[in-house]
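Spelled out, the chains give:
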Amino acid sequence: MLFGLEQISAVFALRLTSGLDVVVKARADDGRAASCVAAQARLAERGFPCARPLTPVVRAGSLAVHAEEFRPGGDIVPGETPDVAVRYAEVFARLMAALADVRVAPPLPNPRWVRWDHPGAGVWPAIGFLDDRDQRVVPAHVVDTAGRARERLLSAGLPCVLGHADFEAQNLRWRGPQVWAVHDWDSLAWQPEAALVGAASGVFPRGAGLPTLAPVESSEAFVSAYQAVRGRAFTAVELEVVWAASLWPAAHNARWEALHGQPPVCGDALRAQAAERLRRANA
């Protein structure tokens, strides 16, 4: 074993007796994995910078497991300034364009940090290990922001597409100015394009540290660069969805911080930016 890491998924890098280095991933089998791995395989076949799956998804008890090539190396590009945002947006635009004609079953339910489309009546999706904690510690401004963002997102009625929903700096590696690898394909989602862009525009700065929310001007630069690369301007409604979706992962992370007694990194950024982002979202 070259390394092992256990977070939402368990990831192990192994050197086989043949000398081949591979990565084995195992996660709770919620029905999403097969679609995520199939989409990743299509992108790898087309030369997109991501690891190539070596096996289909198989079940092992309650787990969904697959193996993929080991794609080590590269550096994390840190920062949250507009110029850094543009670099990430250009890669995200390439990724979304590559996924546009990939046909897989929607990977539902969506990852919890973009699951504003949950069927429940409350603000948050049902997540037992979070719901069992004392909800009174979650600041009212976090709940209010999440509720207003969710209402705007659900009212837009935009069609859903396949996209990467955890586009954080920690999930990308670069070699100089070129992206070398995009990781974490378990986090594909089925949401409107504008919403996926909005979420990415907010979360991209997270490298090795805690989750945060990008400055408003950096999210703005991300969204502008994305539209330029795709060659299509968002409509007024789509731009409102962009800004609403930029808030939801931050609200999820701020709730997490409060429930786990962590420093309010995302909470403070959300408090400082929510009013302006909600204004742009018409929420």
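Scroll up to find the structure.
Definitions and limits used
- All residue numbers here refer to positions counted from 1 along the written sequence of the relevant chain.
- In keeping with the model being predicted, local features are shown solely for residues with a pLDDT of at least 70 and side-chain atom pairs are shown and tallied solely at 80 or more, while totals for entire chains, interfaces and linings include all residues.
- Computation of side-chain values covers all heavy atoms of the structure but excludes hydrogens and water.
- The axes used here are C-alpha line fits, helices contributing only the stretch in contact, and every angle between their N-to-C directions lies in the interval 0 to 180 degrees.
- Helix and strand assignments follow DSSP, with helices taken as H or I runs no shorter than four residues and strands as E runs no shorter than two, numbered in order from the N terminus.
- For classification, angles of less than 35 degrees are called roughly parallel, those exceeding 145 degrees roughly antiparallel, those between 65 and 115 degrees roughly perpendicular, and all remaining angles oblique.
- Rotating anticlockwise by less than a right angle from the far helix to the near helix defines a left-handed crossing, while the corresponding clockwise rotation defines a right-handed one.
- Residue contacts follow a heavy-atom distance rule, with two residues in contact if any of their heavy atoms lie within 4.5 Å.
- Expected span of a helix: the number of residues minus one, times 1.5 Å.
- Throughout, exposure labels follow a simple rule: accessible area from a 1.4 Å probe, protein chains only, divided by the maximum for the residue type, with under 20% read as buried, over 50% as exposed, and the rest as partly exposed.
- It is the directions from the helix axis to the C-beta atoms whose arc is reported.
- For this document, the term salt bridge refers to a Lys or Arg side-chain nitrogen within 4 Å of an Asp or Glu carboxyl oxygen.

J.: Teacher, can you tell me more about the packing of helix α4 (residues 140-156) against helix α8 (residues 265-281) here?
T.: Geometrically, a packed helix pair is captured by the angle between its two axes and the distance between the axes. Following both chains from N to C, one finds α4 and α8 inclined at 30 degrees, their axes separated by 10 Å at the closest point. When the axes of α4 and α8 are compared, the pair comes out roughly parallel. Remark: the crossing between α4 and α8 carries left-handed chirality. Along the contact surface, α4 presents H141, V142, T145, R148, A149 and R152, while α8 presents G267, L270, R271, A274, L278 and A281.

J.: I keep staring at α4 and nothing clicks. Help me out?
T.: Three- or four-residue spacings in an α-helix give side chains the same orientation, since the helix completes a turn every 3.6 residues. Between its first and last C-alpha, α4 extends 25 Å over 17 residues, near the 24 Å set by a 1.5 Å rise per residue. The complete set of buried residues in α4 reads H141, V142, T145, A146, A149, R150, R152, L153 and A156. All buried residues of α4 fall inside an arc of 165 degrees around its axis, so they share one side. For α4, the exposed residues set more than 90 degrees away from the buried face come down to A140, E151 and S155. As for α4, its buried residues are in contact with α5 (193-203), α7 (236-260) and α8. Positioned one or two residues after α4, G157 has a phi angle of 65 degrees, which is positive.

J.: Quick question: what am I supposed to make of the environment of A149 here?
T.: Here A149 shows up in helix α4. Taking relative accessible area as the criterion, A149 reaches 0% and is therefore assigned buried. Distance in space between the C-alpha atoms of A149 and L247 is 6.7 Å, their sequence separation being 98 residues. Those residues in contact with A149, other than ones at most four positions away along the chain, are A244, L247 and L278.

J.: Would you explain the pattern of salt bridges in this entry?
T.: Two side chains of opposite charge can pair, provided their charged atoms sit close to one another. For the structure on display, the rule yields 16 salt bridges. Salt-bridge contacts for R27 lead to D186; the nearest nitrogen and oxygen are separated by 2.8 Å. Here R27, found in strand β3 (residues 21-28), pairs with D186, found in the loop between β8 (178-182) and β9 (188-192); they are 159 residues apart in sequence, far enough to count as distant. Here R280 and E220 are joined by a salt bridge, their closest N and O atoms 3.1 Å apart. Of this pair, R280 sits in helix α8 while E220 is found in helix α6 (residues 216-230), placing the two residues 60 residues apart along the sequence. Among the residues examined, E220 registers a relative accessible area of 37% and is labelled partly exposed. Linked by salt bridges that have partners in common, E193, R230, R232 and E238 make up one network.

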